[in-house]
Amino acid sequence: MTISTRGAAKAPAVLVLEDGRAFRGRAYGAVGETFGEAVFSTGMTGYQETLTDPSYHRQVVVMTAPHVGNTGVNDEDPESGRIWVSGYVVRDPARVPSNWRSQRSLDEELERQGVVGISGVDTRALTRHLRERGAMRVGIFSGDAVADEATLLARVLRAPEMVGADLSAEVATKETYVVPAIGTKKFTVAAIDLGIKGMTPHRMAERGIEVHVLPATATLEEVYAVEPDGVFFSNGPGDPATADHPVSVMQGVLERKTPLFGICFGNQILGRALGFGTYKLKYGHRGINQPVQDRTTGKVEVTAHNHGFAVDAPLDKVSDTKFGRAEVSHVCLNDQVVEGLQLLDQPAFSVQYHPEAAAGPHDAAYLFDRFVSLMEGQRA
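Residues numbered from 1 in each chain as written. Predicted model: local features only at pLDDT ≥ 70, side-chain atom pairs only at ≥ 80, totals over all residues. Heavy atoms only, no water.

With that settled, consider the packing of helix H8 (residues 244–256) against helix H9 (residues 265–273). Packing of H8 against H9 leaves a shortest axis separation of 9 Å and a crossing angle of 70 degrees. Here H8 is positioned roughly perpendicular relative to H9, judged by the angle of their axes. Crossing hand, H8 versus H9: right-handed. Contacts from Asp244, Pro246, Val247, Met250, Gln251 and Leu254 in H8 reach Gly266, Ile269, Leu270, Arg272 and Ala273 in H9. (Axes fitted to C-alpha atoms, helices over the stretch in contact; angles between N-to-C directions. Helix = DSSP H or I, 4+ residues; strand = E, 2+ residues; numbered from the N terminus. Parallel < 35°, antiparallel > 145°, perpendicular 65-115°, else oblique. Left-handed = near helix turned anticlockwise from the far one by under 90°. Contact = heavy atoms within 4.5 Å.)

Set out below in structure tokens:
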């Protein structure tokens, strides 16, 4: 990525997809060039949480909502210490933010952090293209980086693909840190950081859990050195087929029958640990309005998603695994993609979406209570 922070508001820009289709617009944020996987997010709010979600590492996010940036940017809502998206695509950016919590504009924040974006793009047409052709590599070029489309396409085709990408260690903490319980401490949880969002350990802390956040490279011995009552595997970027180390650690946790909870990437790791495969979705699920059914209760939830891969597990039967019986506990009502797994013979479950509700909705908050119930049952 090459960037400049001058003239972003006026510089011409062009977005080029790996299949050759191009969209022209104006620079938004930093000026220069950037590459990643083109994906679209259907959320109408919560763009600050999206931008700072480590799961979006090496992705260029297309916002389907036509007007973005209305509420500006503040220092309270980020889910990590930086913006992780590699590029940002909007149709009609707000000229002036209007919110009492706003401290600066979204354009200024993108420029400050060197994130190359483009505005004035027909994001409806771009989203329809991605739905039909699938997520693909893309480049955004602005200012002096703009050249003829054949030259730009050649640059895009040299960029790495998401299939086979091992990215979790690039976004995870390098050192263990502790999020203390709020109020009386009830449990200790070891959380494997594969790209964790800041709100996730906070949700556990609200329930009296002291959370030890460990690097993605943590060994099984390091996990149990904190004497956990439960183990958590977080969300994160990349292809789950590359996550051999987290899968091995999770299998060690399952062998010890410690209560286990995984979300997003953690769901895919549980799938692999149980012997299921994973596969790349055509264009994935991203946004905060995805309908999921909890098959254990029949309840339908509106949920927050960011995943381009899914677990290949049977929806119509209980499966026998080396760790006991397993079943699909949650399913997406749009396309029947596996959205959750649970073991029936020991305390372990996972979901493919974000129950921490940052940004919204709150339908899935009960999953943290379910994790607490597993630890209470184990202790009893």
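In terms of nonpolar packing, the biggest core is built from 35 residues, with Val223, Phe233, Met250, Leu254 and Leu274 touching the most fellow members. For this core, the secondary-structure elements that each account for two or more residues are strand S12 (187–192), helix H7 (220–225), strand S14 (230–233), H8, H9, strand S19 (324–332) and strand S20 (338–343). Among the elements that make up this core, the one with the highest residue count is H8 (five residues). Among residues more than four places away in sequence, those in contact with phenylalanine 233 are Ile192, Leu194, Pro246, Val249, Met250, Leu260, Phe261, Gly262, Ile263 and Gly266. Val189, Ile196, Ile263 and Met375 belong to the second largest nonpolar core, which has 25 residues in total. (Core = buried A, V, L, I, M, F, W, Y, C linked by side-chain atoms within 4.5 Å. Buried < 20%, exposed > 50% of the residue type's maximum accessible area, 1.4 Å probe, protein only.)

Here we take up the side chain of serine 119. Mapped onto the elements of the fold, serine 119 is located in strand S9 (residues 116–119). Given the relative accessible area of 3%, serine 119 is considered buried. The contact partners of serine 119, leaving out residues within four places of it in the chain, are Gly25, Arg26, Ala27, Tyr28, Val90, Arg91 and Pro93.

On the surface, Arg124, Arg128, Arg131 and Lys282 cluster together into a positively charged patch. By the element assignment, arginine 131 lies in helix H3 (residues 123–133). (Patch = residues over 30% accessible without salt bridge, like charges linked within 9 Å, V, L, I, M, F, W, Y side chains within 5 Å. Areas by Shrake-Rupley, 256 points an atom, 1.4 Å probe, with all protein chains shown as cover. Salt bridge = Lys/Arg side-chain N within 4 Å of Asp/Glu carboxyl O. Lys, Arg positive; Asp, Glu negative; His and termini not counted. Charge placed at Lys NZ, Arg CZ, Asp CG, Glu CD.)

Before going further, it helps to examine the pairing of S20. Of all six residues that make up S20, six are buried, and the element is covered over most of its length. Pairing of S19 with S20 involves five bridges; the strand directions are antiparallel. Bridging from a neighbouring strand, valine 328 pairs with leucine 341 of S20. Counting the residues that bridge the hairpin from S19 to S20 gives five residues, and of these glutamine 336 lies at a positive phi of roughly 65 degrees. Bridge count between S20 and strand S21 (residues 348–351): three bridges; the pairing is antiparallel. Bridge assignment links glutamine 342 to a residue of S21, and that residue is phenylalanine 349. Where S20 folds back on S21, the antiparallel hairpin that results is connected by four residues. (Pairing = 2+ DSSP bridges.)

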